[in-house]
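Here are the chains, one letter per residue:
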Amino acid sequence: NAGVTQTPKFRVLKTGQSMTLLCAQDMNHEYMYWYRQDPGMGLRLIHYSVGEGTTAKGEVPDGYNVSRLKKQNFLLGLESAAPSQTSVYFCASRKDMTVGNTEAFFGQGTRLTVV
Amino acid sequence: GDSVTQMEGPVTLSEEAFLTINCTYTATGYPSLFWYVQYPGEGLQLLLKATKADDKGSNKGFEATYRKETTSFHLEKGSVQVSDSAVYFCALSANTGANSKLTFGKGITLSVRP
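None of the values given here were measured: they were computed from a predicted structure.

**Things to note about the sheet that holds strand E8 (residues 62-65) of chain B**
All names here are of chain B. Ordered by their spatial adjacency, four strands build an open sheet running E3-E9-E8-E7, and the pairing between neighbours is antiparallel. Since the sheet does not close on itself, it has two edges, and those belong to strand E3 (19-21) and strand E7 (56-59), each with one partner. For this sheet the average axis-to-axis angle between neighbouring strands, irrespective of direction, equals 15 degrees. Judged from the three bridges that link them, E3 and strand E9 (residues 75-77) form a sheet pairing that is antiparallel.

**Re the sheet that holds strand E1 (residues 4-7) of chain A**
Residues and elements named next belong to chain A. In spatial order, the strands read E1-E3-E8-E7; together these four strands make up an open sheet with antiparallel pairing. In this open sheet, the two edge strands, each paired with only one partner strand, are E1 and strand E7 (64-67). Across the sheet, the mean angle separating the axes of adjacent strands is 20 degrees when strand polarity is ignored. When E7 meets strand E8 (residues 73-78), the two strands line up antiparallel, connected through four bridges. Its bridge partner lying in E8, Val66 is registered against Leu76.

**Brief notes about the interface of chain A and chain B**
Taken residue by residue, the interface counts 22 residues in chain A and 22 residues in chain B. Remark: the boundary between chain A and chain B carries zero salt bridges. Linking chain A with chain B are four residue pairs in polar contact (both at pLDDT 80 or more), by the criterion used here. Looking at the side of chain A that touches chain B, the elements with two or more residues in it are strand E4 (31-38), strand E5 (42-49) and strand E9 (87-94) of chain A.

**A word on the nonpolar core**
Membership of the largest hydrophobic core comes to 27 residues, with the highest contact counts inside it found for B:Trp35, B:Leu47, B:Leu48, B:Phe73, B:Leu75 and B:Tyr88. With four residues, strand E10 (residues 86-93) of chain B is the largest single contributor of residues to this core. Contact partners of B:Leu75, with chain neighbours within four places excluded, come to B:Leu19, B:Thr20, B:Ile21, B:Trp35, B:Leu47, B:Leu48, B:Phe62, B:Glu63, B:Ala64 and B:Tyr88. The next biggest cluster of nonpolar side chains, apart from the first, holds 19 residues, and it includes A:Met97, B:Phe89, B:Ala91 and B:Phe104.

The rules behind the values
Residues numbered from 1 in each chain as written. Chains lettered and ligands numbered in written order. Predicted model: local features only at pLDDT ≥ 70, side-chain atom pairs only at ≥ 80, totals over all residues. Heavy atoms only, no water. Pairing = 2+ DSSP bridges. Helix = DSSP H or I, 4+ residues; strand = E, 2+ residues; numbered from the N terminus. Axes fitted to C-alpha atoms, helices over the stretch in contact; angles between N-to-C directions. Contact = heavy atoms within 4.5 Å. Salt bridge = Lys/Arg side-chain N within 4 Å of Asp/Glu carboxyl O. Polar contact = N/O pair within 3.5 Å; in protein donor to acceptor, adjacent residues only side chain to side chain. Core = buried A, V, L, I, M, F, W, Y, C linked by side-chain atoms within 4.5 Å. Buried < 20%, exposed > 50% of the residue type's maximum accessible area, 1.4 Å probe, protein only.

Structure follows, in structure tokens:
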């Protein structure tokens, strides 16, 4: 039971570098999300997807891009990392919007530090 | 838009104390409500949920009742343990319409001392 898997788990970037965070789910879920978690801020939604080939902006999308080329994968990209993007990033997925299926499953998180 | 408000933290309790963590929400329609827990160094995991008014979710001794009249979903436990130390998040999900987002509260850190 893999569930939701995020890679990498830790990363240190220099300002201006780029990187991609990978989220993979093996539950055939339609919806996938990227959140960032910062002290005192809770979870803030970056981008999300309601199905393969679709993406949408969340609450704090600036500086990030996403792609959902395959249903099981949701990629989060940082084109030019900034210290303000130092955070813990969580990916989540859920089956669909029907009552009873709205529970979200989370990955273990990626701790990113931008120096 | 939808929103979730949790009581301010952190909360520190002695083992076997009674726990209440308040959560209120604003949403259109009839959302599903959740409590998630995050143990140190881990991702969030579902603790309990309720999908309609007056439903009571329960798990591991924790309970929360969906109160539509007060738009609340307070988390309670009769006797906390050291192992309950974690961050707790209240969340909601719209069940209809175009809103497919999950909305979280800011979370509250619970520390239980022996």
